[in-house]
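# Structural description and commentary
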Amino acid sequence: MRWKTGDPSLPASVCSLPCRTGQRKKVVKGVPCCWHCESCEGYHYQASEFTCELCPYEMRPDTNRTGCVPISIIKLEWHSPWAVVPVFISMLGIIATSFVIVTFVRYNDTPIVRASGREMSYVLLTGIFLCYAITFLMIATPDVGVCSLRRIFLGLGMCFSYAALLTKTNRIHRIFEQGKKSVTAPRFISPASQLVITFSLISIQLLGVFVWFAVDPPHTVVDYGEQRTQDPMAARGVLKCDISDLSLICSLGYSILLMVTCTVYAIKTRGVPETFNEAKPIGFTMYTTCIIWLAFIPIFFGTSQSAERVSILHYII
């Protein structure tokens, strides 16, 4: 027998050809020997000749879609641009802060340093130093120890700074308010009293952190939702500390409360005499800080990527 095409090979006497790897057979209704081949899409893999099944949440299909493999886990790397820029800025800040601290220590007993309020200045410089140093903890590989230190120091640096500024502005306010009533000096304006008030305010932050430790012990978590892309091959899991957005805001909330209170006192003391000009720079600092924080909250919660969030937090601090 000769075929019309002239091809001596016999044509395949089948209704449907075999499906390729990663495809399932969809049988034609009423014709069991015929089927359509359908590719397993998304995070599905070929479980059998006729079915595709969804991979577990922490896994993705392999290249042939015949099984599942674990999703690659990433973290913020030190060489990432999102880490290099904050580290560079932090190093500059640490060097500048250290230079000021050394200068204060060297000229500790000079009239200028004593007039600036040495004790509160040292507390304020400590807070600024901690704000810069927390950058390295935020970029370090998350583990239980790093997550614990993040919780402690995340809001502690700002708490040091705002507690010192609040104590300063409160002291100025009480001095001039008392001066309107009598010539008697108000209570608790000595350097020792100021330190006691400042560290009492700071202890509230530490107490809140320890309660947080008891209620929710620190631990790491792999977030597969942030970078779960349409293409399974590009999916990544993000290793990070299990700190929710609400917990983060609560941790920083006390510092924000100190900042707002300090701003109120800065407004009240804006009319002090020119010779007592310490209140005005503090007031200007508080006004700008409030504006920055008002911009920070919507930007932070509107950013989906973990790396971007960490960097934005560094810039704001």
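The name recorded for the chain in an unreviewed UniProt entry is Metabotropic glutamate receptor 8, from Ilyodon furcidens. According to the UniProt record, the Subcellular location (unreviewed entry) comment for the chain reads "Cell membrane".

A word on the sheet that holds strand S7 (residues 73-74). Two pairing modes exist for strands in a sheet, parallel and antiparallel, and in both the strands are linked by backbone hydrogen bonds. Here 3 strands make up an open sheet; going across it, the order is S7-S9-S8 and the pairing mixed. Each having just a single partner strand, S7 and strand S8 (220-227) make up the two edges of the open sheet.

With that settled, the discussion passes to the pairing of strand S9 (residues 236-241). Sheet analysis places S7 next to S9, joined by 2 bridges and oriented parallel. Within S9, the position partnered with Ile 74 by the bridge is Val 238.

What follows is about the nonpolar core. The nonpolar side chains of a soluble globular protein tend to be buried, and buried together. Formed by 29 residues in total, the largest nonpolar core has its most connected members in Tyr 162, Leu 258 and Met 286. At the level of secondary structure, the elements contributing two or more residues to this core comprise helix H3 (118-139), helix H5 (156-181), helix H6 (191-215), helix H7 (245-268) and helix H8 (279-301). Excluding residues within four positions of it along the chain, Leu 258 makes contact with Cys 159, Tyr 162, Ala 163, Leu 166 and Leu 201.

Here we come to the state of the cysteines. Joining two cysteines, a disulfide is a covalent bond between their sulfur atoms. Counted by the stated rule, this structure contains 4 disulfides. Here Cys 147 connects covalently by a disulfide to Cys 241, the sulfurs 2.0 Å from one another. The sign of the S-S torsion, about -95°, decides the handedness of the disulfide formed by Cys 147 and Cys 241: left-handed. Note that Cys 147 is positioned in helix H4 (residues 144-154) and Cys 241 in strand S9, a separation of 94 residues in sequence.

Turning next to the pattern of salt bridges. Evaluation of the coordinates by the stated rule reveals 7 salt bridges. Across the pair Arg 118 and Asp 109 runs a salt bridge whose closest N-O atoms are separated by 3.1 Å. With a closest N to O distance of 3.0 Å, Asp 223 and Lys 240 form a salt bridge. Of the two residues, Asp 223 sits in strand S8 while Lys 240 sits in strand S9, which places them 17 residues apart along the sequence. Among the charged side chains, a salt-bridge network with shared partners connects Arg 24, Lys 26 and Glu 38.

In this sheet, strand S2 (residues 31-39) lies alongside strand S1 (residues 23-28) in antiparallel orientation, the contact comprising 6 bridges. Paired with Arg 24 across the bridge in S2 is Glu 38.

Secondary-structure assignment places Phe 176 in helix H5. Separated by 10 residues in the primary sequence, Phe 176 and Pro 186 place their C-alpha atoms 9.3 Å from one another.

With their axes 9 Å apart at the nearest point, H4 and H6 run at an angle of 150° to one another. As the angle between them shows, H4 and H6 are arranged roughly antiparallel. Here H4 and H6 pass one another in a crossing that is right-handed. Mapping the contact onto sequence places Ser 148, Arg 151 and Ile 152 in H4 and Val 209, Trp 212 and Phe 213 in H6. Tallied by class, residues from the contact of H4 with H6 come to 4 nonpolar, 1 polar and 1 charged.

Note on placement: Cys 68 falls in strand S6 (residues 68-70). The partly exposed category is assigned to Cys 68, whose relative accessible area is 23%. A sequence separation of 21 residues divides Cys 68 from Ala 47, and the C-alpha atoms of the two residues are 10.0 Å apart. Once residues lying within four places of it in the same chain are set aside, the contact partners of Cys 68 are Tyr 45, Cys 55, Pro 56, Met 59, Arg 60, Pro 61 and Asp 62.

Our next topic: the side chain of Thr 263. Among the structural elements, Thr 263 can be located in helix H7. Overall, Thr 263 belongs to the buried group, its relative accessible area being 9%. Those residues within four positions of Thr 263 in sequence are excluded, and the remaining contacts are Met 286, Tyr 287 and Cys 290.

Taken together, the side chains of Val 85, Phe 88, Ile 89 and Leu 92 make up a nonpolar region of the molecular surface, amounting to roughly 370 Å² of accessible area. Note on placement: Ile 89 falls in helix H1 (residues 81-106).

What counts and what doesn't
Position numbers for residues start from 1 in each chain and track the written sequence from start to end. This being a predicted model, a pLDDT of at least 70 is required before a residue's local features are given, and a value of 80 or more before pairs of side-chain atoms are given or counted; all residues contribute to the totals for chains, interfaces and linings. The basis for every side-chain value is the complete set of non-hydrogen atoms in the structure, without hydrogens or water. UniProt positions are given in the numbering used here, feature names are shortened, and annotations may be inferred rather than shown by experiment. A pair of strands counts as paired when DSSP detects no fewer than two bridges linking them. Per the convention used, a helix needs a DSSP run of H or I reaching at least four residues, while a strand needs a run of E reaching at least two, with both numbered from the N terminus. Buried residues of nine kinds, namely Ala, Val, Leu, Ile, Met, Phe, Trp, Tyr and Cys, make up a nonpolar core once their side-chain atoms join them within 4.5 Å. Each residue is assigned to one of three classes by its accessible area relative to the maximum for its type, calculated with a 1.4 Å probe on protein chains only: buried under 20%, partly exposed between the two thresholds, exposed over 50%. Residue contacts are defined here by distance: any two heavy atoms, one from each residue, within 4.5 Å place the two residues in contact. Put simply, a disulfide is two cysteine sulfurs that come within 2.5 Å. Here, a salt bridge means any Lys or Arg side-chain nitrogen found within 4 Å of an Asp or Glu carboxyl oxygen. Note on method: axes are straight lines fitted to C-alpha atoms, helices fitted across the in-contact stretch only, with angles between N-to-C directions ranging 0 to 180 degrees. When an angle is under 35 degrees it counts as roughly parallel; over 145 it counts as roughly antiparallel; between 65 and 115 it counts as roughly perpendicular; any other value is oblique. Here is the rule for handedness: rotate from the far helix to the near one, and if that takes an anticlockwise turn smaller than a right angle the crossing is left-handed, while a clockwise turn gives right-handed. In this count, Pro and Cys sit with the nonpolar residues alongside Ala, Val, Leu, Ile, Met, Phe, Trp and Tyr, while Asp, Glu, Lys and Arg are called charged and the others, Gly among them, polar. Patch building starts from residues that exceed 30% relative accessible area and form no salt bridge, then joins like charges within 9 Å and nonpolar side chains (Val, Leu, Ile, Met, Phe, Trp, Tyr) within 5 Å. Residue burial considers only the protein chains on display, and all accessible areas are found by Shrake-Rupley using a 1.4 Å probe.

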